[in-house]
Amino acid sequence: MSDPGISVVICVYTEDRWEDILAAVASVRAQSYPALETLLVVDHNPALLERLTKEYKEAAEVRVLANAGPRGLSAGRNTGIAASYGEVIAFLDDDAVAERDWLRRFAEGYTDPHVMAVGGRTVPVWASGRRPDWFPEEFDWVVGCTYRGLPAGRVRVRNVLGGNASFRRTAFDAAGGFATGIGRDGDRRPLGCEETELCIRLTRARPDAVLLIDDRAVIHHRVPQVREHFGYFRTRAYAEGLSKALVARSVGAGKGLESERRYATRVLPAGVARGLRDALLARPGGAGRAGAIVAGVLTAAGGYVVGSVRARRGGATFTVAGIRSEEDRR
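Just so it is clear, the model here is predicted, and its values are computed rather than measured.

The rules behind each value
- Residues numbered from 1 in each chain as written.
- Predicted model: local features only at pLDDT ≥ 70, side-chain atom pairs only at ≥ 80, totals over all residues.
- Heavy atoms only, no water.
- Helix = DSSP H or I, 4+ residues; strand = E, 2+ residues; numbered from the N terminus.
- Polar contact = N/O pair within 3.5 Å; in protein donor to acceptor, adjacent residues only side chain to side chain.
- Phe/Tyr/Trp six-rings, centres within 6.5 Å; stacked < 30°, edge-to-face > 60°.
- Buried < 20%, exposed > 50% of the residue type's maximum accessible area, 1.4 Å probe, protein only.
- Core = buried A, V, L, I, M, F, W, Y, C linked by side-chain atoms within 4.5 Å.
- Contact = heavy atoms within 4.5 Å.
- Salt bridge = Lys/Arg side-chain N within 4 Å of Asp/Glu carboxyl O.
- Pairing = 2+ DSSP bridges.

1. Details of the side chain of Ser 308
1) Next: One can find Ser 308 in helix 10 (residues 286–312).
2) Next: Only 2.8 Å separates the side chain of Ser 308 from the backbone oxygen of Tyr 304, close enough to count as a polar contact.

Written as structure tokens, this is what we have:
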């Protein structure tokens, strides 16, 4: 596939992000490699659904539809996949804007027929105008961005990151859709890892599948001020541990924690060492960054333990559904 048609799915849930949503759609419409269509999937918010429908009623390439599944990001993405027409489906966060060549970089990755997914690089845009001194780059995943420790360039990976990712349609035919019960649900506890679980499931169903990250496929992700505080950092790290426990329960700890072991044994110790060195050199935030890494690891580990216990007791479950197109449902 040298010139795939790409559908872009943006899942939205609150009118509080109205201007962000408009900016996200505008960035897709300005792509150097035009999207086949943009689908705005509204998560059980009738007022937002009506408002967006009116906003884009004259835009033939933008479709607004309601989440057809249970509340949450995974079901919204599955709704977008089922309704889309592209050979490739890309996902963009509702509070992010894509650089002009974002889709072009994705399309280039699919020239290899074995490539089933291509992700990109997500850059934080801090509401305060700059990164908090104490906030370690190794934990940028806390705010949904690319973190220090991921390989540079166009490289093969275990999983792509959901807010800046694309999949070949046949990937969903092979593995099913995003699992509900893992990912985000509006403003509730910020769980995640649904894309990790999907990618592992995909490579099990298709052992020849290649998953890539191309760091030239760039989006800029807005980080609101509330997420610049340590309280959110700690909550999100704990939620990540809960999510990782669900993934490990689904696919086994060996595969489910494969990348995390390298991250925990190499990337994070190096980050602590950098922070302590900066502290000795009287550079701002050095001690804070080292402390935040240690706190983040311990908090995530605590979440993992709690999540594992819950999973064993059957208190935390998720569901993987097949993707049915609109034509199939008729």
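2. Regarding the packing of aromatic side chains
1) Next: Evaluated as defined, the whole model comprises 16 aromatic pairs.
2) Next: Relative to Phe 135, the ring of Trp 134 lies with its centre 5.1 Å away and its plane at 40°, an arrangement referred to as tilted.
3) Next: With 5.1 Å between their ring centres and 45° between their planes, Phe 139 and Phe 233 make a pair best called tilted. Of this pair, Phe 139 sits in the loop between strand 6 (115–126) and strand 7 (154–156) while Phe 233 sits in helix 7 (residues 230–251); the two residues are 94 residues apart in sequence, bridging distant segments of the chain.

3. Overview of helix 3 (residues 73–83)
1) Next: Most of helix 3 sits out of view: 11 of its 11 residues are buried.
2) Next: Those residues of helix 3 that sit buried are Leu 73, Ser 74, Ala 75, Gly 76, Arg 77, Asn 78, Thr 79, Gly 80, Ile 81, Ala 82 and Ala 83.

4. Points about the nonpolar core
Within soluble globular proteins, side chains that are nonpolar tend to cluster in buried spots.
1) Next: With 34 residues, the main nonpolar core has Ile 10, Leu 40, Leu 52, Leu 92 and Trp 102 as its most contacted residues.
2) Next: If you tally residues by element for this core, the top one is helix 1 (residues 18–29), at six residues.
3) Next: Every residue in contact with Trp 102, bar those within four places of it in the chain, is listed here: Val 8, Val 28, Gln 31, Ala 90, Phe 91, Leu 92, Asn 164, Ala 217, Val 218 and Ile 219.
4) Next: Leu 39, Val 155, Cys 199 and Ile 213 belong to the second-largest nonpolar core, a separate cluster that totals 27 residues.

5. Re the pattern of salt bridges
1) Next: For the structure on display, the rule yields 25 salt bridges.
2) Next: The salt bridge partner of Arg 77 is Glu 194, with a shortest N-O separation of 3.1 Å. A residue pair is termed long-range when its members are at least 10 positions apart, and Arg 77 in helix 3 and Glu 194 in helix 6 (residues 194–205) qualify at 117 residues.
3) Next: For Glu 194, a relative accessible area of 3% translates into the label buried.
4) Next: For the salt bridge of Glu 137 with Arg 148, the shortest nitrogen-to-oxygen distance reads 3.6 Å. Remark: Arg 148 occurs in the loop between strand 6 and strand 7 and Glu 137 occurs in the loop between strand 6 and strand 7; sequence separation between them is 11 residues.
5) Next: Residues joined in a network through salt bridges with shared partners are Arg 105, Glu 108, Arg 154, Asp 214 and Arg 216.

6. Details of unusual backbone geometry
1) Next: The backbone of His 44 shows a phi angle near 55°, a positive value even though the residue is not glycine.
2) Next: As for its placement among the helices and strands, His 44 is situated in the loop between strand 2 (37–42) and helix 2 (46–55).
3) Next: By relative accessible area, which is 46% here, His 44 ends up partly exposed.
4) Next: The residue Ala 282 is not glycine, and still its phi comes out positive at about 60°.

7. Section: the pairing of strand 9 (residues 210–223)
1) Next: Burial of strand 9 is extensive: 10 of the 14 residues sit out of reach of the surface.
2) Next: Sheet topology places strand 5 (residues 96–98) next to strand 9; three bridges connect them, and they run antiparallel. Residue pairing across strands places Val 97 opposite His 220, the latter belonging to strand 9.
3) Next: In terms of strand pairing, strand 6 meets strand 9 through 10 bridges, oriented parallel. In the sheet register, Val 123 faces strand 9, and the bridge partner there is His 220.

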